[in-house]
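Chain residues, written in single-letter form:
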Amino acid sequence: MGENIGRVVENKQIILKGYIEGAPKETDMELKLGKKMKLEAPKGSGAFLVKNLYLSCDPYMRARMRDFHGSYLPPFVPGSVVEGFGVSKVVDSDNPNFKPGDIVSGFTGWEEYSLIYKPEQLRKVQPDTIPLSYYIGLLGFTAYVGYYEICAPKKNEYVFVSAASGAVGQLVGQLAKLHGCYVVGSAGTSQKVDLLKNKLGFDEAFNYKEEPDLDAALKRYFPQGIDIYFENVGGAMLEAVLLNMRVHGRVAICGMVSQHSMTDPQGIRNLFNLITKRVRMQGFLQSDFLHLYPKFLEDVGCLYKQGKITYLEDISEGLESGPSAFAGLFSGKNIGKQVVCVAHE
C-alpha cells in the first residue's frame, strides 16, 4: 500500500519526559503528536524516510533514561523521542542504497515515521518465510554470539540460563540443546517454567521465586556443577551460581536485569570461586561480533525454517502501548521477546 509521498502527517511519537531513578514506569514516557511532517526525504540530504512497523523493548534502554554518560550508548534527551531497535519499511529515499519498499532493521525512533540520516545504523532485510518482527528478536543475534563465542561450548556440558524465557535466554537454551548439552533454565512464573520444559525443550526449569535457597536449588538441578552460565539477571542468582561452577567453567554476562532498577547497585559475593575453579567470566556486546552476522543469519534462519527452533514473542499492538510494554520488562510481565507493533506492512 502506498504512503502517498509528499502528504503531510502528524507523526505520533513516544517521548521521554525526564531522567529517571529506579525501574522505568509507564508514566516516565508519553505519547505526543510531533511536528507536522511531509512524507518525503529532503532532496540532497542523503537521508531516507521509514514507516516503523515493529519496535523492540530491551532492558539496556533503561540505562539511556538515566543522566549517566559512562555507558556504551549516550543517554536519551528528555523531551525527545525514545530510540531503539526496530523493523521499518522505506517510504521515500534520497539515498541510492535504499529504495521505497525496502524492509530494514536497526536503530530507529519510537514514532510512526522516522527520517534516517545515518544509513549505517540500519541494514536491509530480505523478507522470506521468517516473520518480520523476528528480525529484532530471534535475529537480534545476542544469544548466538554469547553462546558460541563467549561460552565456547562443548557437547555434554551442563548449561544454566537465567531469565530463560526472555528474548535472549529462550534462544540460548535451544542452541545449547541442539549442541548436545544438558540445559536448565530459571524464570519467574510457573507458566514460563512450563513453556521452557514443554515448548522450548529445556531439560529442566524452575521458578526462582519459589526457591528460598538458590544455592540448594542449583545443587538439586546440577549435582555435578555448572560448566556454562548465561547470565541475564545478576544479584543473588549470580552469587549462587558462583558456588556451583565447575573447574574451567564459563560465565557469559549478557545482562543484569535485577540491577537495572537500582541507582546503588549491589556488590557480588563468592567471586573467590573464580580463582579456585579457574572460571572465566566475560561481558560482551553483540556489536563487537558483526562480522559473524551473515553466518548467524544463515545458521539460525535454517534452524527456524527446519522447525528446530521455536520463538516466543509477546506483541503489544499500537505505538501507544509502548510505554506500558517497556515498563513491564522490569516486573517480568512479558513472555518471550517483547515487541511493539506500530503498523502492519
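About the criteria used
Residues numbered from 1 in each chain as written. Predicted model: local features only at pLDDT ≥ 70, side-chain atom pairs only at ≥ 80, totals over all residues. Heavy atoms only, no water. Pairing = 2+ DSSP bridges. Helix = DSSP H or I, 4+ residues; strand = E, 2+ residues; numbered from the N terminus. Axes fitted to C-alpha atoms, helices over the stretch in contact; angles between N-to-C directions. Contact = heavy atoms within 4.5 Å. Domains from an automatic or database assignment. Salt bridge = Lys/Arg side-chain N within 4 Å of Asp/Glu carboxyl O. Polar contact = N/O pair within 3.5 Å; in protein donor to acceptor, adjacent residues only side chain to side chain. Nonpolar A, V, L, I, M, F, W, Y, C, P; charged D, E, K, R; others polar. Buried < 20%, exposed > 50% of the residue type's maximum accessible area, 1.4 Å probe, protein only. Phe/Tyr/Trp six-rings, centres within 6.5 Å; stacked < 30°, edge-to-face > 60°. Lys NZ or Arg CZ within 6 Å of the ring centre and 35° of its normal.

### Description of the sheet that holds strand 11 (residues 226-231)
- Read across the sheet, 6 strands follow the order 10-9-8-11-12-13 without closing on themselves; strand pairing throughout is parallel. Each end of this open sheet is capped by a strand with a single partner; those strands are strand 10 (204-207) and strand 13 (280-283). If you compare each strand with its neighbour and ignore which way they point, the axes differ by 15 degrees on average.
- Set on the sheet, helix 2 (residues 169-178) makes contact with strand 8 (158-161), strand 9 (182-187) and strand 11; between it and strand 8 the angle comes to about 170 degrees.
- Docked against the sheet, helix 4 (residues 214-221) engages strand 8, strand 9, strand 10 and strand 11, running at close to 165 degrees with respect to strand 10.

### Concerning the domain arrangement of the protein
- Examined at the domain level, the protein breaks down into domain 1 (8-127 + 312-341) and domain 2 (140-287).
- Between the C-alpha centres of domain 1 and domain 2 there is a distance of 30 Å.
- Where domain 1 touches domain 2, the interface holds 0 salt bridges.
- Where domain 1 touches domain 2, the interface holds 4 residue pairs in polar contact (both at pLDDT 80 or more).
- Tallied by class, residues from the side of domain 1 that touches domain 2 come to 8 nonpolar, 4 polar and 3 charged.

### Section: the pairing of strand 5 (residues 103-109)
- The element strand 5 is extensively covered by neighbouring structure, given that 7 of its 7 residues are classed as buried.
- Pairing of strand 4 (residues 83-93) with strand 5, which is carried by 7 bridges, proceeds in the antiparallel orientation. In the sheet register, F85 faces strand 5, and the bridge partner there is F107.
- Relative to strand 7 (residues 122-125), strand 5 is paired through 4 bridges, and the arrangement is antiparallel.

### So, the packing of aromatic side chains
- Overall, the coordinates contain 20 aromatic pairs when judged by the stated rule.
- Seen in terms of ring centroids, F141 and Y293 are 5.2 Å apart; in terms of plane orientation they differ by 75 degrees. Their pairing is edge-to-face. Here F141 is found in the loop between strand 7 and helix 1 (142-150), whereas its partner Y293 is found in helix 7 (residues 293-305), with 152 residues between them in sequence. Like Y293, F141 is buried.
- For the pair F230 and F284, a centre-to-centre distance of 6.2 Å together with 70 degrees between the ring planes defines the contact as edge-to-face. Placement of F230 in strand 11 and of F284 in the loop between strand 13 and helix 7 is noted, with a sequence separation of 54 residues between them. Summarising the burial analysis for this pair, F230 and F284 share the class buried.
- Through successive ring pairs, a cluster of aromatic residues spans Y158, F160, Y182, F206, Y221, F222 and Y229.
- Over the ring of F68 we find R66, and its NZ or CZ is 5.2 Å from the ring centre.
- Over the ring of Y293 we find R123, and its NZ or CZ is 4.0 Å from the ring centre.

### Thoughts on the pairing of strand 14 (residues 313-317)
- Here strand 14 pairs with strand 15 (residues 337-341) via 5 bridges, running parallel. Within strand 15, the residue paired with E317 across the bridge is C341.

### Regarding helix 2
- Of all 10 residues in helix 2, 8 are buried; the element is thus mostly enclosed.
- Among all positions in helix 2, only G169, Q170, L171, V172, G173, Q174, L175 and A176 are buried.
- Following helix 2 by one or two positions, G180 has its phi on the positive side, about 90 degrees.

### What about helix 1?
- Counted residue by residue, helix 1 has 7 buried out of 9 residues, so it is predominantly covered.
- Where helix 1 is buried, its residues contact helix 2, strand 11, strand 12 (245-253), strand 13 and helix 7.
- Positive phi appears at A152, one or two residues downstream of helix 1, with a value of about 45 degrees.

### Points about the environment of S165
- Counting through the fold element by element, S165 comes out in the loop between strand 8 and helix 2.
- Taking C-alpha positions, S165 is 16 Å from F141, a pair spaced 24 residues apart along the chain.

### Looking at the pattern of salt bridges
- Here the structure, examined in full by the defined rule, presents 15 salt bridges.
- The shortest N-O distance in the salt bridge between D299 and K295 comes to 2.8 Å. In this pair, D299 and K295 are both assigned in helix 7, 4 residues apart and thus about one turn of the helix distant.
- Residue class for D299 comes out partly exposed when judged on its relative accessible area of 28%.
- Through salt bridges that share partners, K99, D102 and K124 make up one connected network.

### So, the environment of I103
- Here I103 shows up in strand 5.
- On the basis of relative accessible area, I103 is assigned to the buried category, the value being 4%.
- Separated by 236 residues in sequence, I103 and V339 have C-alpha atoms that sit 17 Å apart.
- With near-sequence residues (within four places) excluded, I103 lies in contact with L53, V87, S88, K89, R123, K124, V125, P127, L132 and E345.

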